[in-house]
Every structure is written in C-alpha cells, then in structure tokens.
Amino acid sequence: MTERAYKVYSISSGTVIDHIPTPLALRVVEILGLGNEGILTIGMGFTSKRLPEGKDIVKIENKVLTRDETDMIALIAPEATINIIEGGKVIEKRRISLPDGIRGVMRCPNPNCATNVLGAQRVFGLASPEGPLYRCRYCERTTKVEP
C-alpha cells in the first residue's frame, strides 16, 4: 500500500478543533450552530496515535469560539483540543470541560415535558459528570448524553 499525503491547510485567524473522534465532525458543527457562519474546513478520517479509530478536524476561519461554545463540544468529544489561532500561530490551547448548562441542543426524553408539548426552550443543567447526566429544567427528568 502506498503512503498517502494529507493536505490540511493552515488558517491565519480563527479556531481549530482537533482530536474529534471519527465521524463526529459534522455533529460538532451542528452543536455549535456553525452551518452558515464563515468559512469551515472539515477533515474526516485522519489517522491518529491518540485515537485508534481515527480523528476529525474542524477549522473555523475568522471566528474565535468562546469557552462556553467550545465546552459544548465536550458533550460528544471530551478528548477534543481547541487551538485559537491569530497571525497564523497558536496563541491559546484549551482543554474542554462539560458545560454546567445546555440550551437548545438536547431534547428531553419525556414526551409530556413542556419542551416537547408546548415548545418551551430546552434547558438542561448538569446533574452528574458521570455518564454525563443532564436534568431538564422543566420536568426534571435526567438523560444521559451519548454521541
């Protein structure tokens, strides 16, 4: 088998999300709500020593994600790393952690919850980092987050 050269272009300003387990890059973009916001570069299926199943990379040009935004990634890719780029250089490396609260990303598993019946805003609070488990603000049902 021949060696294959990977081409991942550098960005001069923005955010790079690395070490996303394959194939979760598109879910990361969806969770962050980045569908129509600037230039996105998505690389999928790269080999990785750290992730035996492979890794994905998401590059967001000219947008520096806030800590709250990057912590949302921990819901599906807790081992991801965040690099903030300015002037073509990494100026900050972030570790992500589970957010204390989530708005609009998860759906309550309770079919009778106000979020499902009345269309109330979906708001969850961290109930336990093990799992992780989040509790619905309206019906207080807990749900486990799974990619």
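Here the residue index of a chain counts from 1 through its sequence in written order. Per-residue local features are limited, in this predicted model, to residues with pLDDT of at least 70; the limit for side-chain atom pairs, both in listing and counting, is 80 or more; totals at the level of whole chains, interfaces and linings are taken over all residues. For the side-chain quantities, the full set of heavy atoms in the structure was used; hydrogens and water were omitted.

Trainee: When you look at the nonpolar core in this model, what are you seeing that I'm missing?
Mentor: Nonpolar side chains tend toward joint burial in soluble globular proteins. What is meant by a nonpolar core is a set of buried Ala, Val, Leu, Ile, Met, Phe, Trp, Tyr and Cys residues, joined one to another through side-chain atoms within 4.5 Å. Here the term buried applies to any residue with accessible area under 20% of the maximum for its type, exposed to any over 50%, and partly exposed to those in between, with areas from a 1.4 Å probe on protein chains only. Counting residues in hydrophobic clusters, the biggest one holds 30 residues, and the most contacted among them are Ile 17, Ile 20 and Ile 73. Under the scheme used here, helices are H or I runs from DSSP no shorter than 4 residues and strands are E runs no shorter than 2 residues, and both carry numbers assigned from the N terminus. Secondary structure elements with two or more residues in this core: β1 (13-21), α1 (25-32), β3 (55-61), β4 (81-86) and β8 (133-136). Looking at which element gives the most residues to this core, the answer is α1, with five residues. Excluding residues within four positions of it along the chain, Ile 17 makes contact with Val 28, Leu 32, Asp 56, Ile 57, Val 58, Ile 60, Leu 65, Ile 73, Ala 80, Thr 81 and Ile 82. Residue contacts follow a heavy-atom distance rule, with two residues in contact if any of their heavy atoms lie within 4.5 Å.

Trainee: Please clarify how the side chain of Arg 94 should be interpreted in this entry.
Mentor: Structurally, the position occupied by Arg 94 is in strand β5 (residues 89-95). Side-chain atoms alone can form a polar contact between residues adjacent in sequence; in general such a contact is a pair of N or O atoms within 3.5 Å, and within protein one must be able to donate a hydrogen while the other accepts it. Separated by 3.0 Å, the side chains of Arg 94 and Glu 92 make a polar contact. Setting aside its immediate chain neighbours within four residues, Arg 94 contacts Val 64, Leu 65, Thr 66, Arg 67, Thr 70, Thr 81, Ile 82 and Ile 84.

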